[in-house]
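In case you want the letters, here they are:
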Amino acid sequence: MQVSCRAVERLMLMTGDAYLASLRDGRALYVGSERVDDVTSHPGFAPTARSFARIWDARRDPSYPELISEEKGESFATYYLMPRSREDLEKRSRCSEIIAELSYGLLGRSPDFVGGYITGAAMQAHLFDHGEHRFSTNVTAYLQHCRRNDLYLAHAVAPPQGTRDPAKYGRDSQAVPTLSVTGAYEGGVIVNGMKMLATGAAFAHELWIGNILPLAPEQRAASITCALAVNTPGLSLWSRKPYAAHGEGTFENPLSTHFDESDCVVVCRDVKVPWERVFTIDDVAWSRAIYFDTPAHTLSNHQSSVRYRAKTRLLLALARRITEAMGTDKVPQVRDALNHLSAQDALIATLIAGQIQGFETLPGGFTCFDRRAMYASIYWATQNYDTLCSSVRELMGGSVLQMPANIGVLDCPETADTFEANWAGNGWAARDRMKLFKLAWDLLGTDFAGRHAQYERFYMGPAFVVREHIGRETDWDAVLRPLDDLLASYDVGGIAETVGRASALSSAAMSTDGV
Ligand SMILES: Cc1cc2nc3c(=O)[nH]c(=O)nc-3n(C[C@H](O)[C@H](O)[C@H](O)COP(=O)(O)OP(=O)(O)OC[C@H]3O[C@@H](n4cnc5c(N)ncnc54)[C@H](O)[C@@H]3O)c2cc1C
């Protein structure tokens, strides 16, 4: 508690209001042809901006000391902490848990996500000195910059289809307008082109631009990794439809109004990137390896598991309350379905704990979550989100669509009386049931819900890419050893004389079997 108060007093950390003010920075954000001048007052963005601001305000809550860390007398957000022990990893995990719970897991790219990228990169900064390039000090200085200015980073690291490695994607590389280096100026390089799909960018201060999907070998110009302030001249964000602007309001669409983190294509026109903000250049393999040779990908995606858990909690709680409101909660088959959902929630919790339990120690004394466990956790999550949602939808039946269009039904005495008389039930007032079912539909049936289904499936890339990560982190020698020992322990003539665990075990088994 003491640490938290002292840290806040140093005021390197913003308040929620200061964070909101910092977003009024002249950024170029487009919704169709409309230029949004101020995300903190635009109806499509303002409620979510305030949801993000709660993350900054939560640091002043003494019950959340894990949100702040200190080093050499400086305080900073814990997602910029370079972990050196299991306790540090637990602190990072708890920090993400607090942040995720503030949005019920609905803000996927909260600042702790890309915060993990730059922190993990700085933990193995020497990997940014490569060939003729010396960018390690850029990486460590950028981490300091993010810490000291309390920055929120979003990222755009998916080069568009047509630029990717034909060996993996089965199609030739094409001249698509992917973000690439097109020139130089005395202080750095000039970039042009577009990058998909920077979730949270409308609410972030800076963007990490890079390539986490395998680029085609000839896309060297696109292989730049760099950081850019969102309001950099020439940079614009092109948002998909903001759901808050198209919903009915908080009562009818509580989630899509307040937790729509936005997804934006990033377009650069003659944007200047100073050398200090360049982290890789001119090397396709290097631009991708930095995420896996450093702990960057693992630190950031531990957040993904923790965030997902907050969402499974919400789904489980919703399922339980819905069945209560429908009066089906005593039906044995319905209770069985709820217990099944509870098992899924517990499973994801253990997958998170496993990432801490199996932590690794890295050169320099740093620690990192168990990488294979992290990818396995993400894989499970990406493959099971639809199933979890459809289990809850199964329990909801049609009741969710029997609710009146909006709560305006209470404004007129005639409709209000009819509503109260017919929509109440199972100990629930009509208004409360409507509130619950509107929330359920917002999570499971609206535009916002569909976007979440797509997000959970693709935020780490398509499934085959996630499986590839797991394969890369598998210690195949350790997997194969018991089998190879077993095979070596017998032959045509019977049990081999080799010494070893498997051979001893098989020796006992085989002698009873008479093999
Ligand atoms: C809601 C949402 C938010 C996102 N947020 C971010 C973000 O914050 N930052 C960011 O950088 N990116 C983000 N992304 C982008 C994301 O990284 C990409 O969508 C993802 O990598 C998949 O790329 P793609 O959309 O081009 O799909 P594709 O690569 O085109 O794949 C689509 C489908 O095609 C099939 N397919 C294609 N190639 C193969 C193959 N070789 N083998 C087998 N099947 C194949 C598969 O069915 C695959 O699922 C986001 C995406 C979504 C949907």
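Quick caveat: nothing in here was measured; it's all calculated off a predicted structure.

## A few points about the overall build of the chain
And then number 1: Along the backbone of the chain there are 18 helices and 18 strands.
And then number 2: Expected size for 515 residues packed as a compact globule is a radius of gyration near 24 Å; at 26 Å, the chain falls within 12% of this value.
And then number 3: Along the three orthogonal principal directions, the C-alpha set of the chain runs to about 90 × 75 × 55 Å.
And then number 4: Within the chain, the proportion of its 515 residues that are buried is 53%.
And then number 5: At a minimum sequence separation of 6, the contacts of the chain that also span at least 24 residues come to 74%.
And then number 6: For the chain, the exposed area adds up to about 21,700 Å²; of that, 54% sits on carbon and sulfur atoms.
And then number 7: Of the charged side chains in the chain, 51 are positive and 61 negative, and the gap between their average positions amounts to 2 Å.

## What about the packing of helix H12 (residues 371-396) against helix H16 (residues 463-473)?
And then number 1: At a minimum axis separation of 9 Å, H12 and H16 run at an interaxial angle of 155°. Here H16 runs roughly antiparallel to H12, going by the angle between their axes. Of the two possible hands of crossing, H12 and H16 adopt the one that is left-handed. Listed contacts from H16 to Arg371, Arg372, Tyr375, Ala376, Tyr379 and Gln383 of H12 are Ala463, Val466, Arg467, His469, Ile470, Arg472 and Glu473.

## Quick notes on the confidence of the model for the chain
And then number 1: Mean pLDDT over the chain works out to 92, with 92% of the residues at or above the 70 mark.
And then number 2: Note on residues 508-515: pLDDT under 50 across the span, and four contacts to partners over four residues away in sequence or across chains.

## Digging into the side chain of threonine 323
And then number 1: Residue placement: threonine 323 occurs in helix H10 (residues 296-326).
And then number 2: Threonine 323 sits in the buried class, given a relative accessible area of 0%.
And then number 3: If we skip the residues at most four places from it in the chain, threonine 323 touches Thr328, Asp329, Val334, Leu338 and Leu395.

## Here's the deal with unusual backbone geometry
And then number 1: Of the consecutive residues methionine 196 and leucine 197, the connecting peptide bond is found in the cis state with omega at -20°.
And then number 2: Tracing the chain through its elements places leucine 197 in strand E9 (residues 188-199).
And then number 3: Backbone geometry places serine 262, a non-glycine residue, at a positive phi of 70°.
And then number 4: Tracing the backbone shows serine 262 in the loop between helix H8 (254-258) and strand E13 (263-274).

## A word on the sheet that holds strand E10 (residues 206-209)
And then number 1: Strand order in this open sheet of four strands is E7-E10-E11-E14, and the pairing throughout is mixed. Across the chains shown, the open sheet's two edge strands, defined by having one partner strand only, are strand E7 (153-156) and strand E14 (278-280). Shown here is a sheet whose adjacent strand axes are inclined to one another by a mean of 25°, direction ignored.
And then number 2: As paired strands, E7 and E10 are joined by four bridges and run parallel to one another.

## Thoughts on the nonpolar core
And then number 1: Judged by nonpolar contacts, the single largest core of 134 residues is most densely connected at Tyr19, Tyr80, Leu207, Trp208, Leu237 and Val266.
And then number 2: No other element matches the eleven residues that H12 contributes to this core.

## Observations regarding the pattern of salt bridges
And then number 1: For the coordinates displayed, the defined rule picks out 24 salt bridges.
And then number 2: In this structure, the salt-bridge partner of arginine 371 is glutamate 360, at a minimum N-O distance of 2.4 Å. Highlighted residues: arginine 371 in helix H12 and glutamate 360 in strand E15 (residues 360-361), separated in sequence by eleven residues.
And then number 3: Ionic contacts of the salt-bridge type, sharing partners, join the residues Arg240, Asp260, Glu261, Asp263 and Arg451 into one network.

## Considerations on a nonpolar patch on the surface
And then number 1: A cluster of nonpolar side chains, Trp476, Val479, Leu480, Leu483, Leu486, Leu487 and Tyr490, forms an exposed patch at the surface whose accessible area comes to about 630 Å².
And then number 2: Examining the composition of the nonpolar patch, we find that six residues originate from one element, helix H17 (residues 476-488), more than from any other.
And then number 3: Since its relative accessible area comes to 33%, tyrosine 490 is described here as partly exposed.

## Here's the deal with the packing of aromatic side chains
And then number 1: Taken as a whole and assessed by the stated rule, the structure comprises 21 aromatic pairs.
And then number 2: Both rings, one in tyrosine 19 and one in tryptophan 56, keep their centres 4.1 Å apart while their planes meet at 10°; by these two values the pair is stacked. Remark: tryptophan 56 occurs in helix H3 (residues 46-58) and tyrosine 19 occurs in helix H2 (residues 16-22); sequence separation between them is 37 residues. For the residue pair tyrosine 19 and tryptophan 56, the accessibility class agrees, reading buried in each case.
And then number 3: When the ring of phenylalanine 45 is compared with that of phenylalanine 203, the centres are 6.0 Å apart and the planes differ by 55°; the resulting orientation is tilted. Residue phenylalanine 45 is found in the loop between strand E2 (34-36) and H3, and its partner phenylalanine 203 is found in the loop between E9 and E10; the two are separated by 158 residues along the sequence.
And then number 4: Cluster of aromatic residues (ring-pair linked, three or more members): Phe113, Tyr117, Tyr142, Trp208, Phe279, Tyr291 and Phe292.
And then number 5: The ring centre of tyrosine 185 lies 5.2 Å from the NZ or CZ of lysine 272, which sits over that ring.

About the cut-offs
Residues numbered from 1 in each chain as written. Predicted model: local features only at pLDDT ≥ 70, side-chain atom pairs only at ≥ 80, totals over all residues. Heavy atoms only, no water. Helix = DSSP H or I, 4+ residues; strand = E, 2+ residues; numbered from the N terminus. Rg over C-alpha atoms; globule rule 2.2 N^0.38 Å. Buried < 20%, exposed > 50% of the residue type's maximum accessible area, 1.4 Å probe, protein only. Contact = heavy atoms within 4.5 Å. Areas by Shrake-Rupley, 256 points an atom, 1.4 Å probe, with all protein chains shown as cover. Lys, Arg positive; Asp, Glu negative; His and termini not counted. Charge placed at Lys NZ, Arg CZ, Asp CG, Glu CD. Axes fitted to C-alpha atoms, helices over the stretch in contact; angles between N-to-C directions. Parallel < 35°, antiparallel > 145°, perpendicular 65-115°, else oblique. Left-handed = near helix turned anticlockwise from the far one by under 90°. pLDDT = per-residue confidence, 0-100. Pairing = 2+ DSSP bridges. Core = buried A, V, L, I, M, F, W, Y, C linked by side-chain atoms within 4.5 Å. Salt bridge = Lys/Arg side-chain N within 4 Å of Asp/Glu carboxyl O. Patch = residues over 30% accessible without salt bridge, like charges linked within 9 Å, V, L, I, M, F, W, Y side chains within 5 Å. Phe/Tyr/Trp six-rings, centres within 6.5 Å; stacked < 30°, edge-to-face > 60°. Lys NZ or Arg CZ within 6 Å of the ring centre and 35° of its normal.

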